[in-house]
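Report on the structure
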Amino acid sequence: MSTVIDGKALAETLRSRIKQAVSELQAEHNIVPGLAVVLVGENPASQVYVRSKARQTVEVGMQSFEHRLPENTSESDLVQLIKELNQEPQVNGILVQLPLPAQINSEHIINTINVNKDVDGFHVENTGRLSIGSDSLIPCTPAGCLILLKRTIGDIAGQNAIIIGRSNIVGKPVAQLLLKEHCTVTIAHSRTRDLSSTCRQADIVIAAVGVPEMVKGDWIKPRATVIDVGINRITDNSGKSKLVGDVDYASASEVAGAITPVPGGVGPMTIACLLQNTIIATCRQRQIKLPEAIS
Ligand code: GUN
């Protein structure tokens, strides 16, 4: 049996450091960081995420600004809101929850966000900076995966890593991060040939494909570290609804050295990293040092 990587506990530790950092900012600079979250439409999963982000923002002592817009919002109205948030000094971070309704061009919206307030790290300038290894705001889920890996393995230099999935939100940025950490990186996707045997070569497996329980135990190299980014709601044989990852946990946990559970693995780390990015963005905007608690 493998070690279970407890993302929930680690995220709690990170949040308590963030809370301390927020207190330091207030005491030393009279600054309270603010995060604006924008939700367009009524996607049920997005509503849950946005509520959770707003609650945790307030819990660590930061200001939360929520903007909920109707499903039929036009792209120009959303652009207008973002331009206002770009100008608002109390707002240090802006997150537009994805996916957006079909009439809105997500890429245009993301690139309208002030690059220094882009706490998702999705702006083309932050993406480019990450790819050349320079300072940037790093996307939250990839940042969470890296923290979990380093806590579990220590130095990951030289390890063979496979990332299953090539999304702009997770697959591509996590590949860049692992490359920066000197891993040998394979990005696999729906056209990859013989995925299971390619996966069996990997010391690190990151599953971010969005297919419930796709990665089976016999795809995993013995003692490998498995990070499951998937969050899929399925109905089990008894008709009950439950959350599962992209990894078949029952079989994979028999083979892996360490594995993240779903829920309780990567998910909680994502929001903790978002809060951390909001502090980093605040300090860059105000040109002050990062508080000691998170530096
Ligand atoms: N939808 C799913 N994951 C994310 C994320 O990390 N950020 C945003 N903005 N939307 C998402």
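Residues numbered from 1 in each chain as written. Predicted model: local features only at pLDDT ≥ 70, side-chain atom pairs only at ≥ 80, totals over all residues. Heavy atoms only, no water.

Looking at the nonpolar core
The biggest cluster of nonpolar side chains holds 51 residues, and the ones touching the most others in it are Ile18, Leu178, Ile206, Ile227 and Ile279. Among the elements of the structure, helix H1 (7–29), strand E2 (34–40), helix H6 (140–153), strand E5 (160–164), helix H7 (171–180), strand E7 (204–207) and helix H10 (266–286) are those that each provide at least two residues to this core. Of the residues forming this core, the biggest block, ten residues, is contributed by H10. Apart from residues no more than four positions distant in its own chain, Ile227 is found in contact with Ile5, Cys145, Leu148, Leu149, Val205, Ile206, Ala207, Thr260 and Val266. In this structure, Ala188, Ala202, Val215 and Ala224 belong to the second largest nonpolar core, which totals 17 residues. (Core = buried A, V, L, I, M, F, W, Y, C linked by side-chain atoms within 4.5 Å. Buried < 20%, exposed > 50% of the residue type's maximum accessible area, 1.4 Å probe, protein only. Helix = DSSP H or I, 4+ residues; strand = E, 2+ residues; numbered from the N terminus. Contact = heavy atoms within 4.5 Å.)

Quick notes on the pattern of salt bridges
Here the structure, examined in full by the defined rule, presents six salt bridges. Between Glu59 and Arg55 there is a salt bridge, and its shortest N-O distance comes to 3.3 Å. Taken together, the positions of Glu59 and Arg55, both in helix H2 (residues 44–59) and four residues apart, correspond to about one turn of that helix. Judged by relative accessible area, which is 42%, Glu59 ranks as partly exposed. Its relative accessible area of 46% is what places Arg55 among the partly exposed residues. For Lys221, the salt bridge is made with Asp203, and the minimal N-O distance between the two is 2.7 Å. Linking Lys221 in the loop between E7 and strand E8 (225–228) with Asp203 in the loop between helix H8 (195–199) and E7, this pair joins segments that are 18 residues apart in sequence. On the basis of relative accessibility, which here comes to 28%, the residue Lys221 falls in the partly exposed class. (Salt bridge = Lys/Arg side-chain N within 4 Å of Asp/Glu carboxyl O.)

Considering the pairing of strand E4 (residues 93–96)
Consecutive side chains of a regular strand alternate in pointing toward one face of the sheet and then the other. The side-chain alternation of E4 yields two buried faces, one formed by Gly93 and Leu95 and the other by Ile94 and Val96. Note that E2 and E4 share four bridges and pair parallel. Looking across to E4, one finds that Leu35 is bridged to Gly93. (Pairing = 2+ DSSP bridges.)

Observations regarding the site of the ligand
Taken together, Leu95, Val96, Gln97, Leu98, Asp120 and Phe122 make up all the residues around the ligand. In this structure, Gln97 approaches the ligand through a side-chain N or O atom, which is 3.3 Å from a nitrogen atom. Interatomic distance of 2.6 Å between a side-chain N/O atom of Asp120 and a nitrogen atom of the ligand. Considered on its own, the ligand offers 280 Å² of accessible surface; in the complex 81% of this is hidden by protein. Structurally, the ligand is housed in the largest pocket. Partitioning the shell around the ligand into residue classes produces four nonpolar, one polar and one charged. (Near = heavy atom within 4 Å. Polar contact = N/O pair within 3.5 Å; in protein donor to acceptor, adjacent residues only side chain to side chain. Areas by Shrake-Rupley, 256 points an atom, 1.4 Å probe, with all protein chains shown as cover. 1 Å grid on protein atoms, 1.4 Å probe; cavity = no way out; pocket = protein on both sides within 12 Å on 5 of 7 lines; lining within 4 Å. Sits in = over half its atoms within 2 Å of the grid points. Nonpolar A, V, L, I, M, F, W, Y, C, P; charged D, E, K, R; others polar.)

Notes on the sheet that holds E4
Ordered in space as E3-E2-E4, the three strands form an open sheet in which the pairing is parallel. Single-partner strands in this sheet number two, and they are strand E3 (63–69) and E4. In this sheet, neighbouring strand axes are inclined to one another by 15° on average, regardless of whether the strands run parallel or antiparallel. H2 rests against E2, E3 and E4 of the sheet, and its axis sits at about 160° to E3. (Axes fitted to C-alpha atoms, helices over the stretch in contact; angles between N-to-C directions.)

Let's talk about the environment of Ile109
In this fold, Ile109 is placed in helix H4 (residues 106–112). Sequence-wise, Ile109 and Glu24 are 85 residues apart; in three dimensions their C-alpha atoms are separated by 33 Å. What Ile109 contacts, discounting residues up to four positions off in sequence, is Glu75, Leu78, Val79, Ile82, Val96, Leu100 and Ile104.

Observations concerning the environment of Leu275
Examined against the element boundaries, Leu275 turns out to sit in helix H10. Along the sequence, Leu275 and Pro173 sit 102 residues apart, while their C-alpha atoms lie 18 Å from each other. Contacts of Leu275, omitting those with residues within four sequence positions, involve Arg15, Ile18, Gln56, Thr57, Val60 and Met62.

A look at the pairing of E2
Among the seven residues of E2, seven are classified as buried, and the element is accordingly described as predominantly covered. In this sheet, E3 lies alongside E2 in parallel orientation, the contact comprising seven bridges. Note that in E3 the partner of Gly34 across the bridge is Gln63. The handedness of the E2 to E3 crossover, carried by H2, is right-handed. (Right-handed = clockwise from strand over helix to strand, strands pointing away.)

Everything listed is a geometric property; what it means functionally is a separate question.
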